[in-house]
Structure formats: structure tokens, C-alpha cells
Amino acid sequence: MRMSAYPVRLPDVGEGVAEAELISWLVNVGDEVTTDTLLAEVMTDKATVEVVSPVRGVVLELRGSPGDVLSVGSELVLVEIAGDAPAPPDPTRSEPPDPTDPPEPPEPPDPPDPTPSDAAPSEQPEPPEALEPLDAASAPAPPDVVAGPATERRRVLAAPAVRSRADRLGIDLAAVRGSGPEGRVVHDDLDRLLLERAGRPGGATDAAATPALAPSSGPLRGVRRRIAQRTTASWTEIPHITYVDAVDATELEVLRAELNVRTPDARLTMLPFIARAVVLACLEQPGLNAHLVAGTDDDALTLTVHDAVHLGIATQTDDGLKVPVVRHAERLDLAGLAREIARVSEAARQGTATRDELTGSTITITSLGALGGLVTTPIINRPEVSIVGVNRLETRPVWRDGSFQPRQVFNLSSSFDHRVVDGWDAATFVQRIRRRLEIPALLHH
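Residues numbered from 1 in each chain as written. Predicted model: local features only at pLDDT ≥ 70, side-chain atom pairs only at ≥ 80, totals over all residues. Heavy atoms only, no water.

Asker: Account for the overall build of the protein chain, with residues named and values stated.
Answerer: Within the protein chain, the secondary structure is distributed over nine helices and 20 strands. The contacts in the protein chain between residues at least 6 apart in sequence include a share of 64% that link residues at least 24 apart. About 22,900 Å² of surface is accessible on the protein chain, with carbon and sulfur atoms providing 55% of the total. (Helix = DSSP H or I, 4+ residues; strand = E, 2+ residues; numbered from the N terminus. Contact = heavy atoms within 4.5 Å. Areas by Shrake-Rupley, 256 points an atom, 1.4 Å probe, with all protein chains shown as cover.)

As C-alpha cells, then:
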């Protein structure tokens, strides 16, 4: 039987993307793969996607190691294809056929239905496809099902950070019952397995039972490396100006409590109100809803002011900080903002957000909720020129009407690119946000 080797190449993962980082291999050399087997996880622009095999065969070689940055079009996996049919065409190769090879005979018309043993060699593989996001993977089997090497890796769903931790602990993910969406394995599932191995009940945890939660040593990879690169570039290239002011949210909290009583199934947090105030301030002051991009010449800067407000929501995940995007936030009312913020944030935490949902923001909100402290210095999410930081809500004595009164107050710590945003513009922008939050009726205008 004639064998041929087919190179699976790193597909184009989006307009303008020239490379991607290899996060993890999902197959080993010698594994059998089909046209729906997941081969590897790669990441670009903080979006993690899975590469699907376009052919059926056996893995001959893996090109690269986790942490490597690969160019689009470079060889990723070499697959040996069995059968008399020629391998699918490799669109990136233009080599002429070997003249010594005899031409393949044409297929007879209307062949009879093949038997299972005849079907595999003659089956024509599907053409190579682009990378699919995590949420586009084929539906997993129940997490307690254990199959052969290739199918096992295809069916187990887990974020790269979970796979990396399981690998360090020597845990076979196929043996872990996933409790996440669609059977996805999450960190809590690994913790539960560790406790079971230690002879402890699932709920009995202490410091000695969870030593693997400490950060591991080694080079930065994946989202953590991208965060390091982007924050370093932002902090070193952008002259930040940070403006801090207090917001009296007492009336806003009364309104929020009343709305939550009326609609208990759609509980509102403070974030949608802040998002609405930021959107309205951007419409009044569009120069803060902008991108500043440097050209090849360091002195060549291009400022693009955006009409649409694509609102980034900084979200902490198991893989690190991600910024999912609420697109066209100016078109959404308060309830719509609340639903979309919740949706994209959860997608980011679960690792199911698409590349489009993780890129393209024009201004960002960052908040640590109850851990927000009094003052922060948010780092601008390049190429944006503004970021709004939300600090902890607390009861403070505020001088009003001749006496101190207990009021619900939080600080806004917001940073701006001082190359295009003057201090006056920064202060005006924050005051627009503050006024709407202190007079909630203005959030409708």
C-alpha cells in the first residue's frame, strides 16, 4: 500500500495576523487522526483556538514545542496518509509533480458502496479549514468516557491553563469528570481529583491539600506572555496621565436596588450603569473613544476617532486578564448592556470567546469589584487612548447640607494617553461620567 505524508500548516487566523503561539499539543506522534481530530491549541491576540486535522492518517511528526511562535503557513504537523488516492493538494506548495511517478488511474464510474475495510483508503479528506474557536469544537462525549489516544484528546475540553496544570500534575484529563459547560474540565475538577487521591472528601481542603495552586517556575507562555508584552509596550511607549475622582453613588444604589426587586431574574450590578455613563461621555467627547497608532517612523502617529463605542471589559480568567468586547455599546440600553457584558465576560472566563469578541475595543473599563481598593493606576489597552478604572464601593462620611452624612462612594481611577489627551480633557471626561452616575436620570440622555 502506498503511503504519503501531508503537512498540516498553521492556517490564517484572522486579517493582519502573521503568527500564533503554540500553546499545547493535543496529539502525539503515532496517534491516528481523522478529519475532526483536534491537533493543537494556538493563541493570537489573546484568543485561543484549536487546529483541526483536515486529513485522516497517523501523526508522523510534531513541528515545534509549546511556547514557540509560528508563522501562518508554516508546517505544524506531518500526517502519514494511507491509501492509493493522492494526498490532498497543499495550497502553499508549488512544486511540480515528479515525472517519474506514473499517473494515477481514473476512478471507475458509479462504484459500489465500499465495505468498512475499503472505505478508509478511498475516502477523500475534506479540504483544510481555518482555525476554529474553542466553542466551535465538535460536541464532546461524556467526560468519563475513555477511548483511544486520538479520540480521547479530541473529546476532552479544557482551557490551556487547565491542560498545562494537569500535565504538571501527571493527570490524564480523559479520566477527569468535567463540571464545566459541555463537560469542560476546570481547575475545580483537578482540585477535587487531588483531594480524592489524598483520601479527603471533596469539600475538605486546606493549604497542604492544594500545593499545586502556587505559581510554577519557567518561561511565560500563552496569555501571560501576551499580557507581559502588551503592558510593557503600553507603559514604556505611552505617557500616562491618571485622574482620580470620587463618585457619590447613593442615589444610584437606591435605583439599582429597586430595579433588582422589580426584575429579580435579571439582577443588575454596578457595572452596566458605569458602562452606560462611559458610552454617553464618549458620544459627547469622541476624542477619548479613539486609537493612536505609530507608523514605521516613531514620529509618525495616526489618531483614529471612532463613532461606534466598542467597550472593552477587563475580565480576570484562569488564563490571565482578557478584554472581551461589547460591540456597538451606544446602541444598547441598560438591560442590553447588562446582558452583553455578562455574556462576553463569561465567554472569556470559560475560554469560549471568539477572536472577534476579544479584539477591537475602542475604550476599556477595568474593575476589581470589592477588591478594587481606593486608587489604582490602570494601564491603557493599546492602541486605545483611555481606560476607566473602578474602585471599591464603600460607606464614607460626606459633608452635605451642613453636616456629615453616610454616603455610598467609590473612586474612578482613569488613565489617558497624554500625547493626545490633555489634563483638562481627561478631567472633563471623568466629570461627565461622574455627573451621570450621581444623577441617574441622566443615564437615559
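Still more to cover.
Asker: Please provide a residue-by-residue account of a nonpolar patch on the surface, values included.
Answerer: Side chains of Val244, Leu374 and Val375 sit close together on the surface and give an oily, nonpolar patch of about 240 Å² of accessible area. If you trace the backbone, Val375 turns up in the loop between β17 (363-367) and β18 (386-390). Overall, the relative accessible area of 53% leaves Val375 in the exposed class. (Patch = residues over 30% accessible without salt bridge, like charges linked within 9 Å, V, L, I, M, F, W, Y side chains within 5 Å. Salt bridge = Lys/Arg side-chain N within 4 Å of Asp/Glu carboxyl O. Buried < 20%, exposed > 50% of the residue type's maximum accessible area, 1.4 Å probe, protein only.)

Asker: Before we move on, could you go through the packing of aromatic side chains and cite the residues and values that matter?
Answerer: With the rule as written, the count across this model stands at two aromatic pairs. Between Trp399 and Phe404, the aromatic rings sit 4.9 Å apart at their centres with planes inclined by 75 degrees, giving edge-to-face as the arrangement. Each member of the pair, Trp399 as well as Phe404, carries the same accessibility label: exposed. Between Phe416 and Phe429 the ring centres are 6.1 Å apart and the planes differ by 90 degrees, which places this aromatic pair in the edge-to-face class. With a gap of 13 residues between them, Phe416 in strand β20 (residues 403-417) and Phe429 in helix α9 (residues 423-438) connect regions that are remote in the sequence. Each member of the pair, Phe416 as well as Phe429, carries the same accessibility label: buried. (Phe/Tyr/Trp six-rings, centres within 6.5 Å; stacked < 30°, edge-to-face > 60°.)

Asker: Hey, could you go over the confidence of the model for the protein chain for me, with residue numbers and the actual values?
Answerer: Considering every residue of the protein chain, the mean pLDDT works out to 79; 75% of them sit at 70 or more. Contacts for the low-pLDDT stretch residues 202-214, under 50 throughout, to residues beyond four places or in other chains number 13 contacts. (pLDDT = per-residue confidence, 0-100.)

Asker: Before we move on, can you summarise the pattern of salt bridges with the specific residues and values?
Answerer: A full pass over the atoms with the stated rule returns 22 salt bridges. Between Asp245 and Arg434 there is a salt bridge, with its nearest N and O atoms 3.1 Å apart. Taken as a pair, Asp245 in strand β10 (residues 240-248) and Arg434 in helix α9 lie far apart in primary sequence, 189 residues in all. Owing to a relative accessible area of 17%, Asp245 belongs among the buried residues under this scheme. Here Glu258 ties to Arg262 by a salt bridge, and the two come within 3.0 Å at their closest N and O atoms.

Asker: I'd love a proper account of helix α5 (residues 222-237), names of residues and values included.
Answerer: Compared with an ideal rise of 1.5 Å per residue, which puts 16 residues at 22 Å, α5 spans 23 Å between its outermost C-alpha atoms and is within 8% of the ideal. Every buried residue of α5 is accounted for by Gly222, Val223, Arg226, Ile227, Ala233 and Ser234. Buried residues in α5, looked at end-on, bunch into an arc of 145 degrees, giving them a common side. Taken together, the buried residues of α5 touch β2 (19-25), β4 (38-44), β10 and β15 (320-322). (Expected span 1.5 Å × (residues − 1). Arc of directions from axis to C-beta.)

Asker: For the environment of Arg434, give the residues involved together with the corresponding values.
Answerer: On the basis of relative accessibility, which here comes to 25%, the residue Arg434 falls in the partly exposed class. Along the primary structure Arg434 and Asp245 are separated by 189 residues, whereas in three dimensions their C-alpha atoms are 8.2 Å apart. Those residues in contact with Arg434 that lie beyond four places of it in its chain are Asp245, Ala246 and Val247.

Asker: Could you give an account of helix α7 (residues 271-284), with specific residues and numbers?
Answerer: An ideal rise of 1.5 Å per residue puts 20 Å on 14 residues; α7 measures up with 20 Å between its terminal C-alpha atoms. The buried count for α7 comes to 11 of 14 residues, which makes it a mostly enclosed element. Considered for burial, the residues of α7 that qualify are Pro272, Phe273, Ile274, Ala275, Arg276, Ala277, Val278, Val279, Leu280, Ala281 and Cys282.

Asker: Quick one: what's the story with the environment of Thr269, residue by residue and with numbers?
Answerer: Mapped onto the fold, Thr269 is located in the loop between α6 (250-262) and α7. Separated by 16 residues in sequence, Thr269 and Glu253 place their C-alpha atoms 9.6 Å apart.

Asker: Quick rundown of the environment of Leu368? Include the residues and the values.
Answerer: The residue Leu368 is located in the loop between β17 and β18 in this model. Sequence separation between Leu368 and Asn391 is 23 residues; the distance between their C-alpha atoms is 7.0 Å.

Asker: Please set out unusual backbone geometry residue by residue, giving values where relevant.
Answerer: A cis amide bond, omega 0 degrees, links Arg382 with the succeeding residue Pro383. Structurally, the position occupied by Pro383 is in the loop between β17 and β18. For His328, which is not glycine, the phi dihedral falls at a positive 50 degrees. Mapped onto the fold, His328 is located in the loop between β16 (325-326) and α8 (334-350). Even without a glycine there, the phi angle at Asp401 is positive, about 55 degrees. Positionally, Asp401 belongs in the loop between β19 (394-400) and β20. Asp401 gets classed as exposed once you look at its relative accessible area, which sits at 75%.

Asker: With reference to specific residues and values, describe the packing of α7 against α8.
Answerer: For any two helices packed against each other, one specifies the crossing angle of their axes together with the interaxial distance. Taken N-terminus to C-terminus, the directions of α7 and α8 make an angle of 115 degrees; their axes are 9 Å apart at the nearest point. As summarised for this structure, α7 and α8 are arranged roughly perpendicular, according to the angle between their axes. In this structure, α7 meets α8 at a crossing whose hand is right-handed. Between α7, through Leu271, Pro272, Phe273, Ala275 and Arg276, and α8, the contact on the second element is made entirely by Leu334, Leu337, Ala338 and Ile341. Considered class by class, the residues forming the contact of α7 with α8 number eight nonpolar, no polar and one charged. (Axes fitted to C-alpha atoms, helices over the stretch in contact; angles between N-to-C directions. Parallel < 35°, antiparallel > 145°, perpendicular 65-115°, else oblique. Left-handed = near helix turned anticlockwise from the far one by under 90°. Nonpolar A, V, L, I, M, F, W, Y, C, P; charged D, E, K, R; others polar.)

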